[in-house]
Each structure stands twice: as C-alpha cells, then as structure tokens.
Amino acid sequence: MAAAGDGPWLDEAAGRLVRPFTVSNGRTRPSVALDLLSQVTATGATPLGHLGPEHTQALALCRTPVPVAEIAAHLRLPAAVTKVLLADLLDCGALTTKPPAFPHHPTDRALLEAVLDGLRRQL
C-alpha cells in the first residue's frame, strides 16, 4: 500500500518500487556542480520537454530557496540522484542556484566547539 502523496513509487512494506538510478536514467553525475547546502529556487519558467514525477516534485519544493540536501530528504532519494534531477531543472531554466554562504570559516575553532557542545548535549 502506497503512503499518502507518494503515488506508486513507494510501498510501506517493500519500500521504493523504482530503483533510484532509473529516476535519473542511469546518470550518476549532474551537469552542474551542486553542493548539498546549495540553495535552489524555482524561476517560474515552464520547463520544456518531458519531466518525470520526481522532477515535478522537486520543482514544487523549490518555491522558496531550499538546500539540495532537504530536497533529497523530501524526495527520499540519494543526494547524487537528486543532484542529477536538479541539474536537469537548472539546465532548462526552471531553477536557479546560489552557493552556500558560510558565516564562518569552516575550520573556525569557536564554531567547531559550539557544534561539539551541541552534540554532547544531545547524548
């Protein structure tokens, strides 16, 4: 039995009925570089050509800026497959992307200590 809103692609007992690589037509690399934290936003342009159901779902999620990782989670697809789908939408002008903006240098000691403290509180 499919979960509400998932259509024929998911089954509660069996899981995903279509293998992720079939969603991207076997492609494993996106045509543009996307970071998991890159923000993608729908442009409002109507994509030309055939879109699969996952393309349509991804586009609907991008009404406001959303990170690539969050789209992958909503679609229940691996990040690599999601990046291929999003690259298709970028290539046809249906999406725009903005690289992640880091407020601190990724090796900022204070930031790393704050993350470590937060993780310790969770345990």
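Residues numbered from 1 in each chain as written. Predicted model: local features only at pLDDT ≥ 70, side-chain atom pairs only at ≥ 80, totals over all residues. Heavy atoms only, no water.

K.L.:
Please provide a residue-by-residue account of the nonpolar core, values included.
P.N.:
Grouped together as the largest cluster of nonpolar side chains are 17 residues, with contacts concentrated most on V40, I71, L86, L89 and L95. Of all the secondary-structure elements, those providing two or more residues to this core are α2 (53-61), α3 (68-75) and α4 (79-91). In terms of residue count, the dominant contributor to this core is α4 (5 residues). Discounting chain neighbours no more than four positions away, the residues touching L86 are L34, V40, A58, V68, I71 and L95. (Core = buried A, V, L, I, M, F, W, Y, C linked by side-chain atoms within 4.5 Å. Buried < 20%, exposed > 50% of the residue type's maximum accessible area, 1.4 Å probe, protein only. Helix = DSSP H or I, 4+ residues; strand = E, 2+ residues; numbered from the N terminus. Contact = heavy atoms within 4.5 Å.)

K.L.:
Go over the pattern of salt bridges, please, and point to the residues and values.
P.N.:
Counted under the stated rule, the structure contains 2 salt bridges. Residue E113 is joined to R109 by a salt bridge in which the shortest nitrogen-to-oxygen separation is 2.9 Å. With E113 and R109 both in helix α5 (residues 109-122) and 4 residues apart, this pair spans about one turn of that helix. Residue class for R109 comes out exposed when judged on its relative accessible area of 63%. One salt bridge in this structure joins D117 and R120, with 4.0 Å as the shortest N-O distance. Of this pair, D117 and R120 both sit in helix α5, separated by 3 residues, roughly a single helical turn. By relative accessible area, R120 is classed as exposed at 55%. (Salt bridge = Lys/Arg side-chain N within 4 Å of Asp/Glu carboxyl O.)

K.L.:
Describe the packing of α2 against α3, with residues and values.
P.N.:
Axis separation between α2 and α3 bottoms out at 10 Å; the angle between their running directions is 130°. By the angle between their axes, α2 is oblique relative to α3. As α2 runs across α3, the sense of the crossing is right-handed. Between α2 and α3, the contacting residues are E54, Q57, A58 and L61 on the first element and I71, H74 and L75 on the second. Each residue belonging to the contact of α2 with α3 can be placed in one class, and the counts come to 4 nonpolar, 2 polar and 1 charged. (Axes fitted to C-alpha atoms, helices over the stretch in contact; angles between N-to-C directions. Parallel < 35°, antiparallel > 145°, perpendicular 65-115°, else oblique. Left-handed = near helix turned anticlockwise from the far one by under 90°. Nonpolar A, V, L, I, M, F, W, Y, C, P; charged D, E, K, R; others polar.)

K.L.:
Summarise the sheet that holds strand β3 (residues 39-42); cite the residues concerned and give the values.
P.N.:
Pairing is antiparallel across the open sheet formed by 3 strands, whose spatial order is β4-β3-β5. Each edge of the open sheet is held by one strand with a lone partner, namely β4 (66-67) and β5 (95-98). Where β3 meets β5, 4 bridges bridge the pair, whose relative direction is antiparallel. Its bridge partner lying in β5, A42 is registered against L95. (Pairing = 2+ DSSP bridges.)

Purely geometric numbers; function is a separate question.
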